[in-house]
Amino acid sequence: MVRYRRILLKLSGEALMGGQAFGIDPEVLQYIGAELEPVVQAGVQVGLVIGGGNIFRGISLAAGGMNRAAGDDMGMLATVINALALQEALERRGLAVRVMSALAVAGVCEPYSRREAVAHLEQGRVVIFAAGTGNPFFTTDTAATLRGIEVGAELVLKGTKVDGVYSADPVQDPEAVKYDRLTYDEVIERRLAVMDTTAIVMCRDHGMPLRVFDMNHQGALLDIVNGIEHGTLVTEAW
């Protein structure tokens, strides 16, 4: 019996690059598909939010003079590209998938609707939420917590390249301490690089637990939905 029946998984766009400087690595898509397949087969309902940083980052061009809102619109469209790539990779494994976009992209994917998203999840389809929140100035981290709350997920998972949350960058600081558990307020007060503050506050205000784990640890996602702890859990006081 799995511990979680409905989850929201957040992946960065950069995760899709693999060893490339930009773009999408087909081997990474295959790996993500291999990690998600047994989770879905176990009966877990999976929502997924993907970033777009492997293709375009609006905030970077904003620093160079581009209008931030226009840059963010472009970044949201980049997440649609990533979502479609993930959809195709998952469908090749026989999984039922729907891409729902917060921006209208007729003929490519469905417009986001909470009711329709929940219906898809209940029918066993993986739902990939694209285009962030549909608004500039909000990150895909915030979009992930928002969608997780909206569809009634029991847990938001952030897949990263490290095995949890540390007191400092473990690559640069060998004395960095890994946390097994944190409260929302500890993350905010210590300014830990978990998610942006808006996302953490939303999790706190709605009691949404958040687990940060190493997506490159094979089998970790399946372990987590079965109740085996990986990474760092961010929740209320414990």
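Residues numbered from 1 in each chain as written. Predicted model: local features only at pLDDT ≥ 70, side-chain atom pairs only at ≥ 80, totals over all residues. Heavy atoms only, no water.

A. Main features of the packing of helix 5 (residues 140–150) against helix 7 (residues 197–206). Remark: helix 5 packs on helix 7, axes separated minimally by 8 Å, with the N-to-C direction vectors making an angle of 20°. In terms of orientation, helix 5 and helix 7 fall into the roughly parallel class. Two packed elements cross with a definite hand, and for helix 5 against helix 7 that hand is left-handed. Touching Asp-141, Thr-142, Thr-145, Leu-146 and Ile-149 of helix 5 are Thr-198, Ala-199, Met-202, Cys-203 and His-206, all from helix 7. Broken down by class, the residue content of the contact of helix 5 with helix 7 amounts to 5 nonpolar, 4 polar and 1 charged. (Axes fitted to C-alpha atoms, helices over the stretch in contact; angles between N-to-C directions. Helix = DSSP H or I, 4+ residues; strand = E, 2+ residues; numbered from the N terminus. Parallel < 35°, antiparallel > 145°, perpendicular 65-115°, else oblique. Left-handed = near helix turned anticlockwise from the far one by under 90°. Contact = heavy atoms within 4.5 Å. Nonpolar A, V, L, I, M, F, W, Y, C, P; charged D, E, K, R; others polar.)

B. Examining the pairing of strand 5 (residues 126–130) more closely. Among the 5 residues that make up strand 5, 5 are buried, leaving the element largely enclosed by the rest of the structure. In strand 5, alternate side chains face the same way, and those of Val-126, Ile-128 and Ala-130 on one face and Val-127 and Phe-129 on the other are all buried. Bridge count for strand 2 (residues 45–50) against strand 5 is 3 bridges, and the pairing is parallel. Looking at strand 5, one finds that Val-49 is bridged to Phe-129. (Buried < 20%, exposed > 50% of the residue type's maximum accessible area, 1.4 Å probe, protein only. Pairing = 2+ DSSP bridges.)

C. Structural context of helix 4 (residues 114–122). Three or more residues of helix 4 are buried, namely Ala-117, Val-118, His-120 and Leu-121. The arc enclosing the buried residues of helix 4, seen along the axis, measures out at 160°, which places them on a common side. Exposed and oriented more than 90 degrees from the buried face of helix 4 are Arg-115 and Glu-122. Packed against the buried residues of helix 4 are strand 1 (6–11), strand 2, strand 3 (97–101), strand 4 (110–111) and strand 5. Phi for Gly-124, located one or two positions after helix 4, is positive at around 85°. (Arc of directions from axis to C-beta.)

D. Region of interest: the pairing of strand 10 (residues 210–214). In terms of burial, strand 10 is largely enclosed, as 5 of its 5 residues are buried. Here strand 10 shows a buried face lined by Leu-210, Val-212 and Asp-214 and a second buried face lined by Arg-211 and Phe-213. Taken together, the 5 bridges between strand 6 (residues 155–160) and strand 10 define a ladder with parallel strand orientation. The residue bridging Lys-158 from the neighbouring strand is Val-212, located in strand 10. In this sheet, strand 11 (residues 232–235) lies alongside strand 10 in antiparallel orientation, the contact comprising 3 bridges.

E. Quick look at empty space enclosed by the protein. Within this structure, the stated rule accounts for 1 cavity of 30 Å³ or more. Taken as a whole, the largest cavity encloses approximately 30 Å³ of empty space. Lining the largest cavity are Arg-3, Tyr-4, Arg-211, Ile-224, Gly-227, Ile-228 and Glu-229. Taken together, the residues that form the lining of the largest cavity break down as 3 nonpolar, 1 polar and 3 charged. (1 Å grid on protein atoms, 1.4 Å probe; cavity = no way out; pocket = protein on both sides within 12 Å on 5 of 7 lines; lining within 4 Å. Points joined across faces, edges and corners; volume = space filled by probe spheres on them.)

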